[in-house]
Amino acid sequence: MWRLRISSSKWIATVASIWILCSCGADTFSIYSSVLKSSQGYDQLTLDTVAFFKDFGSNSGVLAGLLYSAVTVNNNSGGGGPWVVHVAGAIQNFIGYFMMWASVVGLIQRPPVALMCLFMFLSSHAAVFFATANLVTGVRNFPQSSGTIVGILKGFLGISGAIMVQAYGIFCKGKPSTFILMLALLPTFVSILLMTFVRIYEANTVDDVKRLNGFAIVALIIAGYLMIKLILENIFSLPLWAHINTFIFMLLLLASPLGIAIKDQREDSKRFLQMFSSESNHLKENQAKDSLDYHELPDGEGQVHDDLDDKILPYEEGMNLLQALRTINFWLLFIAMVCGMGSGVAVVNNFSQIGKSLNYTAVEVNNLVTLWSICNFVGRIGVGYLSDYLLHTRGWTRPLLMAISLAAMATSHIVFASNLPGILYIVSILVSICYGSLWSLMPTITSEIFGIRHLGTIFNAIGLACPVGSYIFSVRVIGYIYDTQAAGEDHSCFGTHCFLLSFLIMAFLALLGCLAAIALFFRTRRFYQLVVIRRLKHYLR
C-alpha cells in the first residue's frame, strides 16, 4: 500500500519544495549587474534604483499570501492548491527575466528605466510566489518543527545562488547576459514540473524532527562541498572537466533527499498499516479533549489569563492581516526586519561595486556571491534548527535569537571600517550568516505569534520590510554617497572611503533593529512560556 502513497506524502512534497527553491538563483544580482549597468548606460544611483525593485518584488508577497490562502483554505488537494501559486510565479519569472535578457542583448530597444524596473520587479516577484507556496506548505505539514523546516527550505533557497553560480561557470562563464536567460528558463521549468507534488498533509508523527535532520545533513554536506570547491578554485586553476565532474557530483547530492523521503514515507506507511485502528481512536479522543489555543499579548500586558482555552483563537485559525496590523508586536517585528534585512540585502546588491572599489577581480566578486549564498544558507538552516532546540530544551524564545543576530550584524558592518586585508570576505561571511538567520526566524515567529491560517499573508507583509530597508540603505544611503564620491565618465570610485560612511550608518540602524527585537522579546516572553511551549508539547504527544 505504501507504494501507492509514495507520490502523495509530505516527505515527497518537501523534496519537491527543495528542488524548486534550489533553482531560484537567489542573490545573484551581482553576477549580471555590471552588464546591466553598461548595456543600459546607468549610473550607480540608477542601478541601485533598479536593484530596489528587485528587492521590492522579492519581498512583496502579500498577493502571494492572499492567493495561497484563497486556494488552500478549503481545498488542500483538489482543483486548487499550492500549484496555483507556483503557476503564477512561473509566468512572472519567465516574463521578467526574458524581457530583461532581450533588453541587455539588444533584441528589443533599450527600455526606459521605469520599464526595466518593472521587468526586475516581475522576475523577483516570482521568487516570493515560489517561497510562499513551499514555505507555508512546509510549516503546515510540520507544525511541531516549524523552525527546522523553515530553516531547511530557506537554507536551500539561500544556497540556490551558489548552485546557479556553479552552473554559470560551466555553461555561460564570462557571459552574464546568458545567465539572465538561464534564470528565465530553469526556475520556470522546474516549478512547472514539480508543482503538483507540493501539497498539504496535516497529519503529524512524533519523530518528524529526527527525520527532518536527514534533509538538514544533506544541505550541510552540499554547503561544505561548495565551500571546499570555492577554496580550491582560489588556490588552483581547475580545468573544465573538473568543473563538470564536480557539478555532476553536486547534482547527485541534490538528488539524495529523494532517497530520504522514500525511506521516511515507507516507515510512515508501515506504521499506518499496523496502528490504523488504535491511532484513529486516539486521535478522536484527543480532538474531543484538547483544543489548543492561540493568544497574542494585549498591548501593554505581559500575562496570559488562566481561562486561555475558552477565550482565544485556535492556533490553526489565528489572526488575519488586518488584526495583526493593529498590534504593537507586528510593528516591532517589522522595524527589526527593516534594519536587519535592509542592510543585509544592500551589501549583496553592491558586491560588484564594493569589490571594484577595493580592486577585487570579477572572479573574486563571483566567489563572494558564492560565499554569501553558502553562509546565508548556514545562517538559515543553522539558526532554524538552533531556535527549535533552544525553545524545546531551554525555553529560549526566538525574538531573543533575533536580537542577537541583529547585534552581530551591526558588529559586522563596523568591521568593514577596520580596512583589514580581505575585509570583504570577512564582511560577506558575517553579514550573510546574520541575514540568513533573520529569514529563518521571521516566518517562524510570525506563525507562533499570529497563527498559521493566514501565515502566508502576514509573513509576506512583514517581508515588505526588506524592500523598504533596501530602498533606504541601497538607494538613499549607499547609492547617494557613492555617487558623491565617484569620478570619471564611468561613475567609479576606488578606496574604502567609497562605502565606509554607508557601513557605519547601517551599523547604527542595525542596533536600532536590535532594540526593537529586544522589546518584542520582553513583550512575548510570557506568551511563549504559557502558549507556544505548551502547543509544542501537545504536538509531540
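Residues numbered from 1 in each chain as written. Predicted model: local features only at pLDDT ≥ 70, side-chain atom pairs only at ≥ 80, totals over all residues. Heavy atoms only, no water.

Draft legend 1. Expanded view of helix H5 (residues 62-72). Taken as a whole, H5 has its buried residues at Ala64, Gly65, Tyr68, Ser69, Val71 and Thr72. Contact partners of the buried residues in H5: helix H6 (82-105), helix H7 (113-141) and helix H19 (455-463). (Buried < 20%, exposed > 50% of the residue type's maximum accessible area, 1.4 Å probe, protein only. Helix = DSSP H or I, 4+ residues; strand = E, 2+ residues; numbered from the N terminus. Contact = heavy atoms within 4.5 Å.)

Draft legend 2. Local environment of helix H16 (residues 362-393). Over its 32 residues, H16 runs 46 Å from end to end, which matches the ideal 46 Å to within 8%, given 1.5 Å per residue. Looking at the residues trailing H16, positive phi occurs at glycine 395, about 75°. (Expected span 1.5 Å × (residues − 1).)

Draft legend 3. Layout of the layout of surface pockets. A volume near 800 Å³ is recorded for the second largest pocket. Lining of the second largest pocket is provided by 38 residues; of these, Tyr168, Ala362, Val363, Val365 and Asn366 occupy positions nearest its centre. For the lining of the second largest pocket, the elements supplying multiple residues, two or more each, are helix H3 (29-40), helix H8 (146-171), helix H10 (208-235), helix H15 (351-357) and H16. Within the lining of the second largest pocket, the residues separate by chemical class into 14 nonpolar, 18 polar and 6 charged. (1 Å grid on protein atoms, 1.4 Å probe; cavity = no way out; pocket = protein on both sides within 12 Å on 5 of 7 lines; lining within 4 Å. Points joined across faces, edges and corners; volume = space filled by probe spheres on them. Nonpolar A, V, L, I, M, F, W, Y, C, P; charged D, E, K, R; others polar.)

Draft legend 4. How the structure looks around empty space enclosed by the protein. Inspection of the entire model under this criterion finds 4 cavities of 30 Å³ or more. Considered as a void within the structure, the largest cavity measures approximately 470 Å³ in volume. Residue lining of the largest cavity: 31 residues in total, with Ala26, Asp27, Ser58, Ser124 and Ala127 positioned closest to the centre. Mapped onto the lining of the largest cavity, the elements with two or more residues apiece are H3, helix H4 (44-59), H6, H7, H8, helix H18 (423-450) and H19. Sorting elements by how many residues they give to the lining of the largest cavity places H7 first, with 7 residues.

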